[in-house]
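# Coordinate analysis (summary)
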Amino acid sequence: MSSIRVIAGRFGGRLLDAPRDNNTRTKPMGERIRNAMFNSIGNEINGAQVLDAFAGTGAVGLEALSRGAARVTFIERDKIAQKILSNNVSSLGVQNEAEIISAPVNSWIESGGAGKYDIIFADPPYKNPQFSTVSKLFGLLKPGGLMVLSHPGRGEEPNLGNEIVVVDNRSYGNAYLTSFRREL
């Protein structure tokens, strides 16, 4: 096991478990990109209902809780990542503010168990960005809600539909963060 750091907020500086293998699906988003993402969101995170889709180790959702989100739902299908995520939630003592769903994101959406969220973070595996599933996540945004997608570059993008607009697109080396907002 290796570790990554919570950047800011009530758990700022605390370490989270992360896999040592850089080739695994559970490799967390880098600290520089996470910090830039949360800085761009600003105070929108305060009191927000958050979905961390393709959660991996939970680094993004736990950063959201640290910075003031009210509750985070984590969706992760990989058993190794689920164990690491569960340990990270326990080590921070946020079991009452977190829900871990053990399922593929698409299956969870299609099961009808999904609610509505103020903010959705989607960080699908770069080798399989699953844009058709990501497009379905837009339907889970509350009016005025924000979704931030981490993806491998320009080119193919999820289908936006009529009420979703791109509000920001930034590159960080080979990683891109695109922010979408559901219009009111």
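The structure we're discussing is the one just above.
Let me sum up the structure you'll find in this document.

### Some details on the overall build of the chain
Within the chain, the secondary structure is distributed over five helices and nine strands. Listing the helices and strands of the chain from first to last along the sequence gives β-β-α-β-α-β-α-β-α-β-α-β-β-β. By the compact-globule yardstick of 16 Å for 184 residues, the chain fits well, its C-alpha radius of gyration being 15 Å. In terms of overall dimensions, the chain has C-alpha extents of about 40 × 35 × 35 Å along its principal axes.

### Some words on the pairing of strand 3 (residues 49-53)
With four of its five residues buried, strand 3 lies for the most part within the structure. When strand 3 meets strand 4 (residues 71-76), the two strands line up parallel, connected through five bridges. Residue pairing for strand 4: Asp52 is matched across the bridge by Phe74. When strand 3 meets strand 6 (residues 117-122), the two strands line up parallel, connected through four bridges. Among the inter-strand pairings, Val50 is bridged to a residue of strand 6, identified as Ile119.

### Some thoughts on unusual backbone geometry
Residue Phe54 is not a glycine yet carries a positive backbone phi of 55°. Tracing the chain through its elements places Phe54 in the loop between strand 3 and helix 2 (59-66). A residue is classified by how much of its surface remains accessible, and Phe54, at 7% relative accessible area, is buried.

### Things to note about the sheet that holds strand 6
Here we have seven strands laid out as an open sheet, ordered 5-4-3-6-7-9-8, and mixed in their pairing. Each edge of the open sheet carries a strand with a single partner, namely strand 5 (98-102) and strand 8 (164-172). Taking the axes of each pair of neighbouring strands and ignoring which way they run, one obtains an average angle of 15° across the sheet. Inspection of the sheet shows strand 8 paired to strand 9 (residues 175-182) by eight bridges, in the antiparallel sense. Paired with Ile164 across the bridge in strand 9 is Arg182. The strands touched by helix 1 (residues 31-41) are strand 6, strand 7 (141-151), strand 8 and strand 9; relative to strand 6, the strand with the most contacts, the crossing angle is about 160°. With respect to the sheet, helix 2 is in contact with strand 3, strand 4 and strand 6, its orientation differing from that of strand 4 by roughly 175°.

### Brief notes about the pattern of salt bridges
One pass over the structure, following the stated rule, counts nine salt bridges. A salt bridge links Asp118 to Lys142, with the nearest nitrogen and oxygen atoms 3.6 Å apart. Of this pair, Asp118 sits in strand 6 while Lys142 is found in strand 7, placing the two residues 24 residues apart along the sequence. Exposure remark for Asp118: the relative accessible area of 26% places this residue in the partly exposed category.

What counts and what doesn't
- Residues numbered from 1 in each chain as written.
- Predicted model: local features only at pLDDT ≥ 70, side-chain atom pairs only at ≥ 80, totals over all residues.
- Heavy atoms only, no water.
- Helix = DSSP H or I, 4+ residues; strand = E, 2+ residues; numbered from the N terminus.
- Rg over C-alpha atoms; globule rule 2.2 N^0.38 Å.
- Buried < 20%, exposed > 50% of the residue type's maximum accessible area, 1.4 Å probe, protein only.
- Pairing = 2+ DSSP bridges.
- Axes fitted to C-alpha atoms, helices over the stretch in contact; angles between N-to-C directions.
- Contact = heavy atoms within 4.5 Å.
- Salt bridge = Lys/Arg side-chain N within 4 Å of Asp/Glu carboxyl O.

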